[in-house]
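# Chains, contacts and geometry: an overview
Letter by letter, the chains look like this.
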Amino acid sequence: MSNIKQNTLLNPGPVNMSDRVKNRMIREDFCHREKEFSALVKDVNSQIVKIYDGMKNYESVIISSSGTGAVEGMLTSFIHDEKSLIISNGVYGERMERILRVQNKKLEMIQFDWLDPINIKSIKNCLDSDQSIKNLILVHHETTTGRLNELKEVGQLCKDYDLGLYLDGVSSFGAEEIAANEINLKAVSASANKCLHGAPGLAFVVAHKDQWERAPEKTSGVYFDLHQYYAMQKTDGFSPFTQATHLVSAFNEAMLEFNEMGGWKARNNLFRSRAEEINACLDRLGIETLIPKEDYSSVLRSYQLPEGISYEDLHAFMKKNGFVIYQGQGSFKKNIFRISTMGHIKESDITLLCSLFEEFFKNHD
Ligand SMILES: Cc1ncc(COP(=O)(O)O)c(C=O)c1O
């Protein structure tokens, strides 16, 4: 085995996994059509819906894919002929628009500036002027900027207007509150390798039982037709296609670790306290956040690069010292950097990171 030094990953997934989770992957080889493996799949699915108290009427399926696969699966399987309104303020809202457009599904898009919060009044106006809208589609944590979108307020609109809510929870599930029963949540898509610290390549979709019961006559996907997965995972625990068996083992271990640690509230506190420490250090160095501090999720914060400092230089310095930071997307590519605080990392890593920021920015004054 090669002895490669492990970098500390401060990108928003894949995250550093514990040795315990990594070792679980090399412990067992499974045939995906044997009962030992199907028992594992069923166990993982039952653990996922226990993460949040309000998910008693929800069921999960796992799918071997990145987070986008789970989002595509959710939109492919549950959005049919009715019109949906996508609320967007970043890359991932726009990605959901692309998915629905290639499937020729009926949609409206309400687009806010990437720097801005979503505006509930504008969404309300949209709903008042088009009563054919039946669903709202939202990114919970917009990783483009680190903004935690106003899920409760959007959920209240869903209640008031009797709409279904479909959520991209890829970078929030397991670390931010999702009060499913208070927001008319129909389905949420998420990833094993972000807040839950599993291995990359496995994702899942949690949906209300009424969604699983509503299988359409005609599907707009094959690999992403989640009703097929549900029918099998719910009964014999198998899946229509070969699952990434080792990643399911890793996820099972990561869920044990997650529960032992205290669940989503403990993760929220941990990620947030790391983010606060980094933010305080950068603040002392005169580095400003991209959006107001109180608008961030626990998971990721974005910072403005001072004039004359290139992202590439900062990235190279950090990488040389064992830390992987993350670039901005789209128009933010050159002028921000992002720091995610997920993953199995040590408190001493955060202290070291802060001293590296001090060294770098003091030398680039
Ligand atoms: C909110 C959100 N949605 C979707 C994705 C896409 O996930 P993946 O890159 O695993 O396909 C990401 C990735 O960071 C994300 O943060």
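These numbers were taken from a predicted model, which means no experiment stands behind them.

### Thoughts on the overall build of the chain
- In terms of helices and strands, the chain carries twelve helices and 14 strands.
- For the chain, whose C-alpha radius of gyration is 21 Å, the value lies close to the compact-globule estimate of 21 Å for 365 residues.
- Relative to its 365 residues, the chain shows a buried fraction of 58%.
- Of the roughly 15700 Å² of accessible surface on the chain, a fraction of 49% belongs to carbon and sulfur atoms.
- A gap of 3 Å separates the mean positions of the 42 positive and 49 negative side-chain charges of the chain.

### Considering the site of the ligand
- The full set of residues close to the ligand is Ser66, Gly67, Thr68, Tyr92, Arg95, Val139, His141, Thr143, Asp168, Val170, Ser171 and Lys194.
- Here Thr68 contributes a side-chain N or O atom positioned 2.5 Å from an oxygen atom of the ligand.
- The side chain of Tyr92 places a nitrogen or oxygen atom 3.4 Å from an oxygen atom of the ligand.
- Starting from 390 Å² of accessible surface for the ligand in isolation, the protein chains cover 85%.
- Those elements that place two or more of their residues in the shell around the ligand are α3 (67–78) and α4 (91–102).
- When the residues that make up the shell around the ligand are grouped by side-chain class, the tally is three nonpolar, six polar and three charged.

### Points about the environment of Ala215
- Within the secondary structure, Ala215 sits in the loop between α7 (209–212) and α8 (226–235).
- On the accessibility criterion, Ala215 (49% relative accessible area) is partly exposed.
- Through-space distance from the C-alpha of Ala215 to that of Asp225 is 9.5 Å; in sequence the pair is ten residues apart.

### Structural notes on helix α6 (residues 151–161)
- When α6 is considered as a whole, its buried residues turn out to be Leu151, Val154, Gly155, Leu157 and Cys158. Mapping the buried residues of α6 onto a view down its axis gives an arc of 155°, with all of them on the same face. More than 90 degrees from the buried face of α6, the exposed residues found are Lys152 and Asp160.
- Where α6 is buried, its residues touch β3 (83–88), α5 (120–129), β5 (133–139) and β8 (164–168).

### Here's the deal with the domain arrangement of the chain
- The domain architecture assigned to the chain consists of domain 1 (8–12 + 263–363) and domain 2 (19–260).
- Its C-alpha centre places domain 1 at a distance of 27 Å from the equivalent point of domain 2.
- Each partner contributes residues to the interface: domain 1 has 25 residues there, and domain 2 has 24 residues.
- Buried surface at the junction of domain 1 and domain 2, both sides included, amounts to about 2100 Å², of which 58% is carbon and sulfur.
- Summed over the three residues of domain 1 that lose the most area to domain 2, namely Trp264, Arg267 and Gln329, the buried surface amounts to 33% of that side.
- Counting across the domain 1 and domain 2 interface gives two salt bridges.
- For the interface between domain 1 and domain 2, the tally reads 14 residue pairs in polar contact (both at pLDDT 80 or more).
- Those elements giving two or more residues to the side of domain 1 that touches domain 2 turn out to be α10 (263–284), β11 (300–304) and β14 (336–340).

### What to know about the packing of helix α9 (residues 245–261) against α10
- Two elements in contact, α9 and α10, have axes separated by 7 Å at closest approach and are oriented at 80°. In terms of orientation, α9 and α10 fall into the roughly perpendicular class. Across the interface between the two elements, Phe258, Asn259 and Met261 of α9 pack against Gly263, Trp264, Ala266, Arg267 and Leu270 of α10.
- Here the contact of α9 with α10 is built from residues that sort into five nonpolar, two polar and one charged.

### A closer look at the pattern of salt bridges
- Taken as a whole and judged by the stated rule, the model has 15 salt bridges.
- Salt-bridge contacts for Glu253 lead to Arg20; the nearest nitrogen and oxygen are separated by 2.7 Å. Of the two residues, Glu253 sits in helix α9 while Arg20 sits in helix α1 (residues 19–27), which places them 233 residues apart along the sequence.

### With respect to the side chain of Asn45
- Checked against the element boundaries, Asn45 lands in helix α2 (residues 35–48).
- Here Ser60 takes part through its side chain, which lies 2.9 Å from a polar atom of the side chain of Asn45.
- Excluding residues within four positions of it along the chain, Asn45 makes contact with Ser60, Val61, Ile62 and Gln233.

Conventions adopted
Residues numbered from 1 in each chain as written. Predicted model: local features only at pLDDT ≥ 70, side-chain atom pairs only at ≥ 80, totals over all residues. Heavy atoms only, no water. Helix = DSSP H or I, 4+ residues; strand = E, 2+ residues; numbered from the N terminus. Rg over C-alpha atoms; globule rule 2.2 N^0.38 Å. Buried < 20%, exposed > 50% of the residue type's maximum accessible area, 1.4 Å probe, protein only. Areas by Shrake-Rupley, 256 points an atom, 1.4 Å probe, with all protein chains shown as cover. Lys, Arg positive; Asp, Glu negative; His and termini not counted. Charge placed at Lys NZ, Arg CZ, Asp CG, Glu CD. Near = heavy atom within 4 Å. Polar contact = N/O pair within 3.5 Å; in protein donor to acceptor, adjacent residues only side chain to side chain. Nonpolar A, V, L, I, M, F, W, Y, C, P; charged D, E, K, R; others polar. Arc of directions from axis to C-beta. Contact = heavy atoms within 4.5 Å. Domains from an automatic or database assignment. Buried area = accessible area lost by both parts, 1.4 Å probe. Salt bridge = Lys/Arg side-chain N within 4 Å of Asp/Glu carboxyl O. Axes fitted to C-alpha atoms, helices over the stretch in contact; angles between N-to-C directions. Parallel < 35°, antiparallel > 145°, perpendicular 65-115°, else oblique.

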